[in-house]
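# Commentary on secondary and tertiary structure
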Amino acid sequence: MDTQPSIQSAAHELNETHGNTPEMGGGLPVIEYWARHTLSPEGPKLWKTLFHKSACLSCAWGTGGQKGGFTNEDGEVLQRCMKSVEAISAEIQPPVPTQVFADRSIAELQQLSSLEADRLGRLSFPVILRAGQSHYERISWDEIYAIATAAFHKPPERIASYSSGRGSNEAAFLLQLLLRTLGSNNLADCSDLCHAPSTVGLKQMFGTGTSIVSLESLKQADCVVLAGSNAAYNHPRLMNELIKLREHGGHVIVINPVQEIGLIKFASPAFPAKSLLAGSEIASLYLQPIPGSDVALFVGIQKALIEQGQVRQDFLEAHTEGWEAVLEQARSHSWEAITATCGISQAEIETAARIIGQSQRVVFAWAMGITQQANGVDNVYSIANTALITGNAGRMGTGVMPVRGHSNVQGFGSMGVTVRLRQEIKQALEQLLGRSLNLPKGYHTRDLIEAAEAGKVDSLICVGGNLYGANPDSEQAKRALGNIDTIVYLSTKPNTGHFHGLAKTNTIIIPVLNRFENPHKTTVESGNNFVRLNDEGQTHLKQGELISEVEFLTELAYRLLGDYPVDWRKLQDTRYVRQLIAKTIPGYEKIATIDDTQEEFTISGRIITEPQFKTPSGKAMMFTTPLPILTLPSPQEFGIPASATSLVLALMTGRSYSQHNTVVYKIGDKYRGMPHRHCILLNRTDAEKVGFQEHDRVTVQGDAGKLEHVEIIYGAVRSGSALMFYPEVNVIFKAKADPRCGTPAYKRVPIVVYS
Ligand SMILES: Nc1nc2c(c(=O)[nH]1)N[C@H]1C(S)=C(S)[C@@H](COP(=O)(O)OP(=O)(O)OC[C@H]3O[C@@H](n4cnc5c(=O)[nH]c(N)nc54)[C@H](O)[C@@H]3O)O[C@H]1N2
Ligand SMILES: Nc1nc2c(c(=O)[nH]1)N[C@H]1C(S)=C(S)[C@@H](COP(=O)(O)OP(=O)(O)OC[C@H]3O[C@@H](n4cnc5c(=O)[nH]c(N)nc54)[C@H](O)[C@@H]3O)O[C@H]1N2
Ligand code: SF4
Ligand SMILES: [Mo]
């Protein structure tokens with residue numbers, strides 16, 4: 001089977017045209033980083049944490065846990081990546097000095113960049129900013145509970161929570177139980193900004209909203225299609241699986257408008273002899289579609305599969321519904337319409353189809369390039385349709401695999417922290433409450449911002465995250481949060497949200513213990529549906545007043561609800577929370593015994609290895625996917641005169657090499673050759689066409705604002721598109737959202753670049 005010849009030399013070419021980028025991802029810089037950090041003064045603390053029996057804090061690949069810090073769920077060792085070290089380093093910082101809050105006004109704190117805010121240290125005592133005051137000040141626990149209790153006594157439709165997936169299943173379960181008992185379904189979560197389209201789409205198609213592939217199953221694939229994921233940065237241990245797959249003669253098809261160097265060639269420290277120095281080839285075929293056009297590409301692949309006679313008709317008839325319309329749709333779209341929409345040639349699409357069709361076992365994996373689109377759910381449908389058309393679901397080595405974000409974001413969803421409460425959980429909660437639970441729809445993250453802006457929210461509790469920094473249109477986010485009376489932030493470290501996301505009357509920041517510091521055991525769920533147990537630990541912040549999320553939530557609940565519907569204070573012993581979870585959450589039965597057995601487990605009913613799906617009919621449901629119409633405004637529509645030197649582009653916003661979401665660890669991104677965060681990655685041809693040169697300083701404007709003096713850096717982005725880093729770029733655009741889940745189109749932002 002032919003693969004794109006250009007891929008063999010792509011890494012080299014990238015380096016030629018763009019001399020300051022490395023020739024591969026990973027590699028020796030990773031080892032140097034490890035050495036620098038683990039041998040530094042913080043080293044002993046770092047090593048201790050790495051060996052602590054708890055899951056990695058960073059991504060949802062889910063390394064760590066009871067078998068020690070360095071194992072994945074198949075028990076393979078040497079699995080912690082540098083991102084894990086990066087995350088731990090931030091957690092073991094000294095406390096934020098007391099003078100920071102005493103001496104620096106809000107106006108001064110607002111000047112801090114994301115990196116500077118994080119470098120202040122760990123939060124170690126609670127503070128409050130009162131209306132009309134210029135400084136955060138220390139606050140007693142009595143007053144915190146008094147304010148919070150009054151705040152959450154408000155009408156249920158006017159209270160809300162937001163959460164981010166670093167907390168535990170136990171905290172998540174308690175959070176939703178508290179809000180629902182109070183009568184509120186306003187459980188916004190960072191997954192609304194992230195994989196909600198995957199959850200919505202997969203649930204309809206397969207009857208289960210998470211990956212249907214286990215790690216064990218992934219290892220049996222002979223082809224992986226990786227769409228809209230920069231796993232080399234954000235899920236480095238997934239790269240090991242791709243390296244092994246290529247070594248065994250398998251194929252990796254990467255679909256990404258940016259040639260990410262680490263997806264072309266990656267040097268993994270896990271294979272020192274084979275891979276570390278020379279690097280391993282990752283992509284066998286690299287397709288660079290127009291941002292936001294993946295549906296067209298996948299419909300094209302489907303069309304090619306039909307034309308090549310590679311449709312598994314027997315599978316479709318026996319195990320799926322709705323296939324006729326999906327095949328008809330692929331037949332009816334012309335090649336011209338498909339290739340014009342996605343910008344990939346028919347020949348390349350046919351090559352991709354041939355690889356997929358001729359492979360025995362294909363796994364389709366994706367991340368934010370697919371979900372953060374105005375048609376994110378269609379994107380998910382179109383990928384899963386392609387899997388089903390080729391019989392690649394319901395069998396070991398095959399299936400659909402959303403590559404999840406935060407280390408426990410999936411657990412938050414499983415525990416019911418979502419506006420889309422599953423029927424089974426609803427019924428179990430009704431039993432617990434002894435009443436029916438017909439709550440109003442509830443605000444997901446974008447709805448929460450809109451509702452707050454409209455003055456409909458009085459009180460908000462944020463369990464982790466940076467609601468201000470994560471949302472598009474930072475000015476709107478600030479305005480919206482400013483209309484909320486009371487905001488209680490439970491956080492480990494200061495972030496820009498604490499300084500810009502200020503409530504009208506009281507903003508309280510409560511310092512919490514992290515996963516390896518809690519006085520009790522907790523659990524988390526990986527993107528591969530594996531539940532890990534985190535041991536008790538201790539914090540280095542001995543003088544501080546840190547509290548566990550579980551303790552704060554149960555105490556607040558007790559003060560609001562007494563002993564209804566549970567003995568909340570007893571739940572401070574998380575064993576009892578796990579008993580409740582076992583009774584309430586489908587697939588979590590085994591958590592009931594985990595304290596005795598220490599046995600981590602795969603959630604039942606999630607991994608599908610037989611073509612018997614979790615839908616009512618047992619068949620997978622297929623849905624048609626209209627081709628997106630991808631137009632861009634003219635410079636005049638941005639208010640730029642036609643005479644000015646300008647370029648209208650589709651901007652992708654995402655992560656640099658050294659950041660975790662809104663938290664920046666290092667300003668540069670060496671793999672993309674971007675020396676700092678105030679850069680825009682442009683295609684050289686686009687830039688030269690209008691007379692821009694590399695390193696020119698330009699204005700980048702969206703529909704909500706602009707950033708000035710942004711440095712142009714040439715890179716391997718597809719012509720017509722560009723790339724910038726969030727959260728800084730969130731000031732310039734509003735973002736469309738997919739109405740089915742509210743996820744913003746962060747990966748296709750219309751912008752004009754001018755000088
Ligand atoms: N180190 C580290 N690890 C992380 C995170 C982190 O910030 N740092 N964040 C965690 C979280 S919450 C998440 S959600 C994940 C995010 O992980 P990813 O989804 O991998 O991260 P992103 O940088 O948002 O974007 C992924 C890729 O989408 C591509 N892309 C953009 N537009 C399109 C498009 O239209 N089509 C296609 N096919 N591709 C497109 C971009 O070029 C980029 O390579 O990582 C998790 N892990
Ligand atoms: N433009 C653009 N915007 C985006 C995205 C994008 O690709 N482009 N991606 C979106 C995505 S995928 C996501 S997931 C969101 C991320 O949005 P969030 O999840 O809201 O943001 P984070 O930056 O992950 O939150 C970091 C903060 O969490 C707190 N924290 C860390 N660990 C813990 C803990 O154990 N407990 C508690 N209580 N607090 C803790 C710390 O105080 C830290 O400062 O951003 C979204 N926004
Ligand atoms: S791949 Fe993800 S879970 Fe595994 S060590 Fe790296 S950051 Fe942690
Ligand atoms: Mo995410």
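Every value quoted in this text rests on a predicted model; they were computed, and no experiment measured them.

Attention now moves to the site of ligand 2. In the vicinity of ligand 2, 33 residues are found, and the nearest of them are Y162, K493, E549, T662 and N730. The separation between an oxygen atom of ligand 2 and a polar side-chain atom of R655 is 3.2 Å. Against a free-state accessible area of 920 Å², the protein chains account for coverage of 98% of ligand 2. Elements that contribute at least two residues to the shell around ligand 2 include exactly β15 (486-491) and β21 (646-654). Looking at side-chain class alone, the shell around ligand 2 contains 13 nonpolar, 15 polar and five charged residues. Lining the shell around ligand 2 are residues from two domains, each supplying at least three of them: domain 1 (125-193 + 435-586) and domain 3 (635-754).

What follows deals with the domain arrangement of the chain. For the chain, the domain assignment lists domain 1 (125-193 + 435-586), domain 2 (196-403) and domain 3 (635-754). Averaged C-alpha coordinates put domain 1 and domain 2 at centres separated by 36 Å. Between domain 1 and domain 2, the residue contacts involve six residues of the former and seven residues of the latter. When residues of domain 1 are sorted by the area they lose upon contact with domain 2, L193, N528 and N529 head the list and together hold 67% of the total. At the surface where domain 1 touches domain 2, the tally comes to zero salt bridges. Our count for the domain 1 to domain 2 interface comes out at four residue pairs in polar contact (both at pLDDT 80 or more).

Tracing the backbone shows C81 in the loop between α3 (43-51) and α4 (82-91). We classify C81 as buried; its relative accessible area is 11%. C81 sits 171 residues away from V252 along the chain, and the two C-alpha atoms are 21 Å apart. Excluding residues within four positions of it along the chain, C81 makes contact with W34, P236 and R237.

A word on the sheet that holds strand β1 (residues 25-26). Taking strand neighbours across the sheet as the criterion, the three strands line up as β1-β8-β9 in an open arrangement whose pairing is mixed. Single-partner strands in this sheet number two, and they are β1 and β9 (280-281). Here strand β8 (residues 265-267) runs beside β9; their pairing, made up of two bridges, is antiparallel. Residue K265 lies in a different strand from β9, and its bridge partner there is E281.

Let us now look at the layout of surface pockets. Approximately 610 Å³ is the volume attributed to the largest pocket. What lines the largest pocket is a set of 34 residues, and nearest its centre among them are T199, K203, G209, R420 and R422. The set of elements that each furnish at least two residues to the lining of the largest pocket consists of α10 (196-206), α23 (409-414) and α24 (423-433). Sorting elements by how many residues they give to the lining of the largest pocket places α10 first, with five residues. Looking at the lining of the largest pocket, its residues break down into seven nonpolar, 17 polar and 10 charged. Residue contributions to the lining of the largest pocket reach at least three from each of two domains, namely domain 1 (125-193 + 435-586) and domain 2 (196-403).

Thresholds applied
The numbering scheme is per chain: residues are counted from 1 as the chain's sequence reads. Chains carry letters and ligands carry numbers; both start at the beginning, A for chains and 1 for ligands, and go up in the order they are written. In view of the model being predicted, local features appear only for residues whose pLDDT reaches at least 70, and side-chain atom pairs are presented and counted only at 80 or more, with totals across whole chains, interfaces and linings using the full set of residues. By convention in this description, side-chain values take in all heavy atoms of the structure and omit both hydrogens and water. We define proximity as follows: a residue is near a molecule or strand when any one of its heavy atoms falls within 4 Å of that partner. Counting of polar contacts relies on pairs of N or O atoms within 3.5 Å, with two restrictions inside protein: one atom must be capable of donating a hydrogen and the other of accepting it, and residues adjacent in sequence are counted only when both atoms are side-chain atoms. Here the accessible surface of atoms and residues is derived via Shrake-Rupley with a 1.4 Å probe, and residues count as covered only by protein chains that are part of the display. Only DSSP runs of H or I covering at least 4 residues are called helices, and only runs of E covering at least 2 are called strands; the numbering of each starts at the N terminus. For this classification, Asp, Glu, Lys and Arg are treated as charged, while Ala, Val, Leu, Ile, Met, Phe, Trp, Tyr, Cys and Pro are nonpolar and the rest, including Gly, are polar. The source of the domain bounds is an automatic or database domain assignment. Throughout, a residue-residue contact means that at least one pair of heavy atoms, one from each residue, lies within 4.5 Å. Summed over both partners, the accessible area lost on bringing two parts together, with a 1.4 Å probe, is the buried area. For salt bridges, the criterion is a side-chain nitrogen of Lys or Arg within 4 Å of an Asp or Glu carboxyl oxygen. Relative accessibility under 20% of the residue-type maximum defines a buried residue, over 50% an exposed one, and the middle range a partly exposed one, all with a 1.4 Å probe and only protein chains included. By this definition, two strands are paired if DSSP reports at least two bridges between them. In the cavity and pocket records, a cavity denotes points on a 1 Å grid over the protein atoms alone where a 1.4 Å probe fits but cannot get out, a pocket denotes an open set with protein on both sides within 12 Å along at least 5 of 7 lines, and lining residues are residues with an atom within 4 Å of a point. Grid points are joined across faces, edges and corners, and a volume is the space filled by probe spheres set on the points.

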